[in-house]
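In case you want the letters, here they are:
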2 protein chains.
Amino acid sequence: MDATVPGGEGRPPSMHDVARLAGVSHQTVSRVLNDSPSVRTETRERVEAAIAELGYRRNLAARALVTGRSHAIGVLGPYDADYGPMRTIQAVEVAAREAGFLPLMTTATRDREGLQAGIDFLLARAVDAIVVVAQHPIIGKVVDEMAPDLPVAYVLTGKGGRNRSIAIDQEAGVRLALEHLIGLGHTRIQHVRGPDEYAEADLRAQAYAEIMREHGLEPMPLLQGDWSAESGYNLEIDPEATGVFVANDQMALGVVKRLCEQGRDVPGEVSVVGFDDLEESAFFRPGLTTVRQDFSAVGQSAVKFLAGQLSGVRPAPPTPLEPTLLVRASTAQRV
Amino acid sequence: MDATVPGGEGRPPSMHDVARLAGVSHQTVSRVLNDSPSVRTETRERVEAAIAELGYRRNLAARALVTGRSHAIGVLGPYDADYGPMRTIQAVEVAAREAGFLPLMTTATRDREGLQAGIDFLLARAVDAIVVVAQHPIIGKVVDEMAPDLPVAYVLTGKGGRNRSIAIDQEAGVRLALEHLIGLGHTRIQHVRGPDEYAEADLRAQAYAEIMREHGLEPMPLLQGDWSAESGYNLEIDPEATGVFVANDQMALGVVKRLCEQGRDVPGEVSVVGFDDLEESAFFRPGLTTVRQDFSAVGQSAVKFLAGQLSGVRPAPPTPLEPTLLVRASTAQRV
DNA sequence: ACAGTACCTGGAATCGTTAACGTTCACCCA
DNA sequence: TGGGTGAACGTTAACGATTCCAGGTACTGT
């Protein structure tokens, strides 16, 4: 019924226009907008009606200017984000928006200059806090240099050593994968790890060696890919291996294809476990057994942590989140 | 050598601080920042030195307040973005940033209320323009109602009928896929389309029927999925079909899996063509023949269109972009 | 009748930047 | 020498919201 756009005036309505129409002072309008308790219901309604009639929108630039707060949270991700980080970034974005913040995402290469440029971008936008997703340890120093007083949360970059980081428990994930294979009777299990510069790749490779030894098994020589399916396809799996634990699903896809082309049946002769659980992984041939991580929980956790800091409290970051194992057709009892 | 952060003062330096240090007026600093020609080189250098020494950053909120421009471009995508739109959104984001804009992304459901909420979000952030990615035709009306004067570009929502839309030529893509199958001797070709509410799904289905008839072939009954691999897996391909053209790669993955489980060899008995070219598609088993679209070209094109409008000119949007066919192992000569 | 409280007014200062408009000064030409 | 010109720079007034302040009214309870 009432017009959202009353007509093409010169410039958008301001608080004073609303105040005039509602017959109150601009101060009262401000109180309504920031829902202060000391406004009578009737007055509040009159103001809200005026706001609706004029199609008034508060000018966030003016607000930010005077309060010194942008209500924006910066999200810094890796330049070459693959599935895990990408999902995490998305999750942080959603969580930030739900918490009433404006998420500003940007990406940066892993070198010092790239990181500085990325943070610079966010700082120029006057973000109130930063979430760093899946970056190299060096990022910590860079951030502390450039913005020593800004609240920061690190996501997925380790097992949660620093008290400002939120992480999925990588070791637990690796344990699920390996103990599944071991339970199926496999003893010669090879690991395909991700690239050197990635903390997750390091953690998973390290956990692989530890857990193998823990079970009295000898770790096999490491293979390394770059997270892509192609890099997995180009790898030569040890002929002795009957189990392969691959650090992500894309590389696992490539590994499986290559194995099959070499005449080694999956899961008949070799069992393969991935990591991440892509949307499509269940429909690979065979369906891929993999480890699922709850990215959205991580995102929410990070935003909650920062929101808490911004409102003065300093909550302890929650304990690492537990991944789960999805058993599908790419793994079978050792024959 | 010089400190990026000179020390933890109360609040960040302003133009006046820079001006004082450089011995000029704040206006001159402003001119240097906006590189106006009427500043002597020597003065400019002095100002720049002061900026560097203080680690000064211009306050974008203040700038936006006085100019009425945020230098932000809103990107409105579908709530349930699948691969194509997601890549497009990303491409727009990158292009916007490269062009010096701040991309603000948000998603919206396809109903009127969802769209209004999405646009409202962007309008509240005072975006200078909007890119709409892959949305229902109704969006055009909603945008025109809510922001009649805002420059808008529509991406991927049609074959470019409106003069404000940038699209990949869907018909050309479908033609590549179908003529490839026809060239291999297939005549009974079925189409798996996407959901009703998607313009791309409609366009591809329509093109399928037209091109089939154009070649004297009878279109087969349409099958419909929801873009997911699972929905493809749940479909029953006509036993008579020897070729299947699927509207995206995920569904194709499901279709192939199902066919194989039914004992119908791909590509021995049935050839399958997808659409989109996921990173992983080459490593499916068999490698998927598919149609690739150049998303980043679309993104750049959209941003260029809007940037032009914002600086006064009104450039004609470029002609639809041509997709390409990638022939892999999922298609073969009809036996 | 008086204090106390809840709600509201109206004005002024503030945030940091830009736009419009002045001013200064050097230089050139008649 | 006087006046015109243009480059280089300074002054002032916005922009729209928030915050602080000193009230003012009207209702409440004692």
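Residues numbered from 1 in each chain as written. Chains lettered and ligands numbered in written order. Predicted model: local features only at pLDDT ≥ 70, side-chain atom pairs only at ≥ 80, totals over all residues. Heavy atoms only, no water.

(A) Broad picture of the interface of chain B and chain A. Each partner contributes residues to the interface: chain B has 39 residues there, and chain A has 39 residues. Carbon and sulfur atoms make up 65% of the area that chain B and chain A hide from each other, which totals about 3500 Å². The largest contributions to the chain B side of the interface with chain A come from B:Arg57, B:Phe283 and B:Arg285, which together make up 22% of the buried area. Our count for the chain B to chain A interface comes out at two salt bridges. Across the pair B:Asp120 and A:Arg57 runs a salt bridge whose closest N-O atoms are separated by 3.0 Å. Counting across the interface, chain B meets chain A through nine residue pairs in polar contact (both at pLDDT 80 or more). Put simply, the parts of the chain that give the side of chain B that touches chain A at least two residues each are helix 4 (60-67), helix 5 (83-98), strand 2 (102-108), helix 6 (112-124), helix 7 (138-146), helix 10 (229-233) and helix 11 (249-261) of chain B. For the side of chain B that touches chain A, the residue count by class is 23 nonpolar, five polar and eleven charged. (Contact = heavy atoms within 4.5 Å. Buried area = accessible area lost by both parts, 1.4 Å probe. Salt bridge = Lys/Arg side-chain N within 4 Å of Asp/Glu carboxyl O. Polar contact = N/O pair within 3.5 Å; in protein donor to acceptor, adjacent residues only side chain to side chain. Helix = DSSP H or I, 4+ residues; strand = E, 2+ residues; numbered from the N terminus. Nonpolar A, V, L, I, M, F, W, Y, C, P; charged D, E, K, R; others polar.)

(B) Representation of the sheet that holds strand 6 (residues 189-193) of chain A in the model. Residues and elements named next belong to chain A. Strand order in the open sheet formed by four strands is 7-6-8-9, and the pairing between neighbours is parallel. The outermost strands of the open sheet, each flanked by one partner alone, are strand 7 (223-224) and strand 9 (271-273). With three bridges joining them, strand 8 (residues 243-246) and strand 9 adopt parallel strand pairing. Looking at the pairing, Val244 lines up with Val272 of strand 9. (Pairing = 2+ DSSP bridges.)

(C) Seen up close, the protein's contact with DNA strand C. In the vicinity of DNA strand C lie 28 residues, with A:Thr28, A:Arg31, A:Thr43, B:Met15 and B:Tyr56 positioned nearest. Those atoms of DNA strand C that come within 4 Å of the protein belong to sugar or phosphate at a rate of 62%. A:Thr28 is positioned with one of its side-chain polar atoms (N or O) 2.4 Å from a phosphate oxygen of DNA strand C. A distance of 3.5 Å separates a phosphate oxygen of DNA strand C from a polar backbone atom of A:Ser38. Those elements that provide at least two residues to the surface near DNA strand C are helix 2 (26-33) and helix 4 (60-67) of chain A together with helix 1 (15-22), helix 2 (26-33) and helix 4 of chain B. At four residues, the largest contribution of residues to the surface near DNA strand C is made by helix 4 of chain B. Taken together, the residues of the surface near DNA strand C sort by class into eight nonpolar, 14 polar and six charged. (Near = heavy atom within 4 Å.)

(D) Focus on the packing of helix 8 (residues 170-183) of chain B against helix 9 (residues 199-214) of chain B. Residue and element names in this part refer to chain B. The interhelical angle for the contact between helix 8 and helix 9, taken along N-to-C directions, is 50°, at an axis separation of 9 Å. By the angle class used here, helix 8 and helix 9 are oblique. When you trace helix 8 past helix 9, the crossing you get is right-handed. Taking contact as the criterion, the partners of Gln170, Glu171, Val174, Arg175 and Leu178 in helix 8 are, on helix 9, Glu200, Leu203, Arg204, Ala207, Tyr208, Ile211, Met212 and Glu214. The residue inventory of the contact of helix 8 with helix 9, partitioned by class, reads seven nonpolar, one polar and five charged. (Axes fitted to C-alpha atoms, helices over the stretch in contact; angles between N-to-C directions. Parallel < 35°, antiparallel > 145°, perpendicular 65-115°, else oblique. Left-handed = near helix turned anticlockwise from the far one by under 90°.)

(E) Spatial organisation of the relation of the copies chain B and chain A. Relative to chain A, chain B is turned by 180° and slid 0.1 Å along the rotation axis, the superposed coordinates differing by an RMSD of 0.3 Å. Between the two chains, the operation in question is that of a two-fold axis. The position closest to the rotation axis in chain B is occupied by the C-alpha of B:Ala61, lying 2.4 Å away. Here 100% of the interface residues in chain B have copies in chain A that are interface residues too; the copies meet face to matching face. (Least-squares fit on C-alpha atoms with pLDDT ≥ 70 in both.)

(F) Examining helix 8 of chain B more closely. Residue and element names in this part refer to chain B. If you check helix 8, its first and last C-alpha atoms are 20 Å apart, about what 14 residues at 1.5 Å a residue would give, namely 20 Å. Here helix 8 has its buried residues at Gln170, Ala172, Gly173, Val174, Ala177, Leu178, His180 and Leu181. The N-capping residue of helix 8, defined by a side-chain oxygen 3.1 Å from the backbone nitrogen of Glu171, is Asp169. Looking one or two residues past helix 8, Gly185 carries a phi angle of roughly 100°, positive in sign. (Expected span 1.5 Å × (residues − 1). Buried < 20%, exposed > 50% of the residue type's maximum accessible area, 1.4 Å probe, protein only.)

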